[in-house]
Amino acid sequence: MLKAFEGRPAAVSASAPDPVNLPMIRHWCEAMGDTNPAYAGDDAIAPPTMLQAWTMPGLSGAASARTPAYDELFALLDGAGYAAVVATDCEQEYVRPLRPGDRLTFDTVIETVSPRKTTRLGAGYFITTTMRVRAAGELVGTHRFRILKYAPAPAQPAASAQPAASAPLGASAQPAAPVQPASPTRPARPRPVINRDNAPFWEGVAAHKLLIQRCTACGILRFPWLPGCGRCGSPEWGTVEACGSGTVHSYVVVHHPPFPAFDPPYAVALVELAEGVRMISSITGVPYDGVRIGMSVDLEFIRVDGEWELPVFRARSGGPEGAAA
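Residues numbered from 1 in each chain as written. Predicted model: local features only at pLDDT ≥ 70, side-chain atom pairs only at ≥ 80, totals over all residues. Heavy atoms only, no water.

Caption draft 1: View of the overall build of the protein. Secondary structure assignment for the protein yields 3 helices and 16 strands. The contacts of the protein with a sequence gap of at least 6 include a subset with a gap of at least 24, amounting to 65%. (Helix = DSSP H or I, 4+ residues; strand = E, 2+ residues; numbered from the N terminus. Contact = heavy atoms within 4.5 Å.)

Caption draft 2: Broad picture of the pairing of strand β15 (residues 296–304). Bridge count for strand β11 (residues 245–254) against β15 is 3 bridges, and the pairing is antiparallel. When the bridges of β15 are listed, Gly246 appears paired with Val297. Two successive antiparallel strands, β15 and strand β16 (residues 308–315), enclose a turn made up of 3 residues, where Asp305 displays a positive phi of approximately 55 degrees. (Pairing = 2+ DSSP bridges.)

Caption draft 3: Representation of the environment of Thr216 in the model. Inspection of the secondary structure assignment puts Thr216 in the loop between β8 (211–215) and β9 (221–222). Residue classification places Thr216 among the exposed residues on the basis of a relative accessible area of 53%. Separated by 21 residues in the primary sequence, Thr216 and Trp237 place their C-alpha atoms 4.9 Å from one another. Apart from the residues within four sequence positions on either side, Thr216 is in contact with Glu236, Trp237 and Gly238. (Buried < 20%, exposed > 50% of the residue type's maximum accessible area, 1.4 Å probe, protein only.)

Caption draft 4: Seen up close, the side chain of Asp102. Topologically, Asp102 is positioned in the loop between β2 (84–94) and β3 (104–113). A residue is classified by how much of its surface remains accessible, and Asp102, at 15% relative accessible area, is buried. The residues touching Asp102, leaving out its near neighbours within four places in the chain, are Pro19, Val20, Arg96, Pro97 and Ala135.

Caption draft 5: Region of the structure containing the packing of aromatic side chains. This model, assessed by the stated rule, comprises 7 aromatic pairs. Each ring, one from Trp225 and one from Trp237, has its centre 5.1 Å from the other, and the planes form 70 degrees; the classification is edge-to-face. You can see Trp225 sitting in the loop between β9 and β10 (237–241) and its partner Trp237 sitting in strand β10, a full 12 residues away along the chain. Trp237 sits in the partly exposed class, given a relative accessible area of 30%. Chaining the aromatic ring pairs together yields one cluster made of Phe201, Trp202, Phe223, Trp225 and Trp237. (Phe/Tyr/Trp six-rings, centres within 6.5 Å; stacked < 30°, edge-to-face > 60°.)

Caption draft 6: Representation of the pattern of salt bridges. All told, the structure shown has 13 salt bridges when counted by the stated rule. Glu138 serves as the salt-bridge partner of Arg96, at 3.2 Å between the closest nitrogen and oxygen. You can see Arg96 sitting in the loop between β2 and β3 and its partner Glu138 sitting in strand β6 (residues 138–152), a full 42 residues away along the chain. Glu138 sits in the partly exposed class, given a relative accessible area of 39%. In this structure, Glu111 engages Arg144 in a salt bridge whose closest nitrogen and oxygen atoms are separated by 3.0 Å. Of the two residues, Glu111 sits in strand β3 while Arg144 sits in strand β6, which places them 33 residues apart along the sequence. Each member of the salt-bridge network shares a partner with another, and the members are Glu91, Glu111 and Arg144. (Salt bridge = Lys/Arg side-chain N within 4 Å of Asp/Glu carboxyl O.)

That is the geometry; function is a separate question.
Written as structure tokens, this is what we have:
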């Protein structure tokens, strides 16, 4: 039954809600810390990775151009208990640069629906869609997007009574991270998608190290982790361990929409590390309304749901920059 959806359109001749424009390009570059001069000035082009952003309908979904086929597929899976969803990966191809004033249209096709798969998140189905984006009828890029529609696996109790495993011979012991237990009535946090491009980062986290990629060709540091350098295009890279010091560059307080694994309101911060790159993280040590732009923070690792760890940042006490008031 699910295979019958393959090849059916998910969107037909849909229009992007806004033309390509400089304000969105500027906000994107500021959020990403991208200072490439090609994205500013009179002859600016849009960062290629913004391709999907121009087609997104917004939080309300009012301008969504989804076809009935897409909604039927989701309703069928929801009704069978596969109501949770997580994005797993995407592939993009850029045919030509987008420039301010370009008005985009797109068509999306349900490319594949996988057989039932079992994952750590739970059993479900991978759905792949392919979007072809055009400007004035000319193909400018493609966007292949894959999600997992799944039934969440039951939370496993943490084996807190088991003794800690011994460190390998010659390895330095790592201090235990503080535990942030899951509430008995609250689902566990979603797990990160770990792949060949970011696995070394999570190996560093397990060793209580925050690793930043460094291009071995041009020397620029980058975060989040990517398979190639955004400046020179080189696929070769090494790592630098962050010193752990940073400041809050920006933050938001999330009130809505609610997410089962978190208790709103809570703060999500964009932290600028001493090395110059920025990362999104939680801030500990202060309530959500105590986070401030410019606040000094220090890296720490917390154990979440008793089984995996995350890098977060603790507000530094003492002094105006570290004050929570």
